[in-house]
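# Understanding the architecture of this molecule
So the chains spell out like this:
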Amino acid sequence: MASGHFFWAIFYFACLCSASLANNAKVNFREKEKKILDQILGAGKYDARIRPSGINGTDDKATQVFVNMFLRSISKIDDYKMEYSVQLTFREQWLDERLKFDDIGGRLKYLTLTEANRVWMPDLFFSNEKEGHFHNIIMPNVYIRIFPYGSVLYSIRISLTLACPMNLKLYPLDRQVCSLRMASYGWTTADLVFLWKEGDPVQVVKNLHLPRFTLEKFLTDYCNSKTNTGEYSCLKVDLLFKREFSYYLIQIYIPCCMLVIVSWVSFWLDQGAVPARVSLGVTTLLTMATQTSGINASLPPVSYTKAIDVWTGVCLTFVFGALLEFALVNYASRSDRAADMHRENMKKKRREMEQASLDAASDLLDTDSNATFAMKPLVRHPGDPLALEKLRQCEVHMQAPKRPNCCRSWLSKFPTSPFKKVPCLGRGQCSRSKRIDVISRITFPLVFALFNLVYWSTYLFREEEED
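It should be emphasised that the depicted structure is a prediction, and the values quoted were computed from it without experimental measurement.

## Side note on the pattern of salt bridges
Enumeration according to the criterion identifies 14 salt bridges in this entry. Among the ionic pairs, Arg49 bridges to Asp47, the shortest N-O distance being 3.0 Å. Owing to a relative accessible area of 67%, Arg49 belongs among the exposed residues under this scheme. Note on Asp47: relative accessible area 27%, which makes it partly exposed. We note a salt bridge from Glu115 to Arg118, for which the minimum N-O separation is 3.9 Å. By relative accessible area, which is 33% here, Arg118 ends up partly exposed. Overlapping salt bridges, with partners in common, bring together Lys76, Glu83 and Lys130 in one network.

## A few points about the state of the cysteines
Enumeration over the complete set of coordinates arrives at 2 disulfides. At a sulfur-sulfur separation of 2.0 Å, the disulfide partner of Cys164 is Cys178. Disulfide Cys164-Cys178: the torsion about the S-S bond is -80 degrees, which places it as left-handed. Separated by 14 residues along the polypeptide, Cys164 in the loop between strand E7 (151-163) and strand E8 (175-184) and Cys178 in strand E8 bring together distant segments of the chain. Cys178 carries the same exposure label as Cys164, and that label is buried.

## Observations regarding the pairing of E7
Of all 13 residues making up E7, 11 are buried, and the element is well covered by its neighbours. Across 13 bridges, the pairing between strand E2 (residues 83-95) and E7 is antiparallel. Within E7, the position partnered with Tyr84 by the bridge is Leu162. With 5 bridges joining them, strand E5 (residues 129-134) and E7 adopt antiparallel strand pairing.

## Some details on helix H4 (residues 274-297)
For H4, spanning 24 residues, the distance from its first C-alpha to its last is 34 Å, which sits close to the expected 34 Å at 1.5 Å a residue. Turning to H4, its buried residues number three or more, namely Arg277, Gly281, Thr284, Leu285, Met288, Gln291, Thr292 and Ile295.

Conventions adopted
Residues numbered from 1 in each chain as written. Predicted model: local features only at pLDDT ≥ 70, side-chain atom pairs only at ≥ 80, totals over all residues. Heavy atoms only, no water. Salt bridge = Lys/Arg side-chain N within 4 Å of Asp/Glu carboxyl O. Buried < 20%, exposed > 50% of the residue type's maximum accessible area, 1.4 Å probe, protein only. Disulfide = S-S within 2.5 Å. Helix = DSSP H or I, 4+ residues; strand = E, 2+ residues; numbered from the N terminus. Pairing = 2+ DSSP bridges. Expected span 1.5 Å × (residues − 1).

This is the structure in structure tokens:
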């Protein structure tokens, strides 16, 4: 009898377990989610216009919204418009105790919504935004998750074009700080406070590639603002970009150096090659001016002098100086030719006068060949004007030689023609035009090298100070 009762008890327990398992297998969790959403968001039960309570459900405390983001890409940084474009996944999280629900023994982790207007949302806006748009391909890239304890997570993918005021004094050896600012539009800090989420609030995609820039680091900070309507909560991310100098070295600095060096070729051309020297000088000048205009066309018109302005201005000055040097050489050459012609004319007249005096003396000797002449004494008589004049000439010829000029001696060591290696030895063998070319061949490269030393030392040192 006892064994029969025991058998029926086991049978009854097995039936209950199988019924319970059958009931659990038939539970529709999607239906449960619908009922919960209707329960917590139904008409007359939840008002999205009212902000959630503060800390610990107190109404007199501000609602805290924790913010974090994931930077997906930075497409461009525009120097002319002083703006940059970024694509990011933006997330906000806050506590709304009105949205608490039963998680069915931990089986419902969260509820998902795609309509942001169903729940209360912080009135956040990007204060330095110029343009922006959401992503709706294939579906709107946005979701809202409601957790059982009332926490709400809002996530959305957006693309923004943000203002980035730049200081271009060290361009292109500069670093720029571009900010991303988020603030509350209508709620003051007494009602709404934005906070950075603890533990890595800003994440950046790996292998972020930027044209002409490198993202060195980023910093998060607070930027609350006070107006005549109250104080508003604000968050900001400072992105530090370093400009890649290799692009500008290849595209600007090396071509400018080459143009300056090409302009020096005219110093080695013959001074009589006027078309060649003029064409070379004008061509390099126009090329340098065109390159300078192209550089300035890609930059905003600022009121201060940039590092690239100093470089292009000095290079343009060197090219223009080479053209002016030829004008000076041409003027000196014409002056030398005029002096040579005058000297030749004087020599010709002197030779004619000497020839005329010799002819007159010869005629006199021929007519008076039979006459006798008295021998003049070797002793000079006092008051003899002819003797005084000859004595004065002898004194001039016996004067000590003048001390040689150092600069002239140094210049005489250099040849005045690129094809002739004969140095200038005498005073009249080297014309002034040739000496100007010789001086320019040495002076221009030395001064340009000195400029490079000062330029790079100054701006690289200032860049380190900026760091």
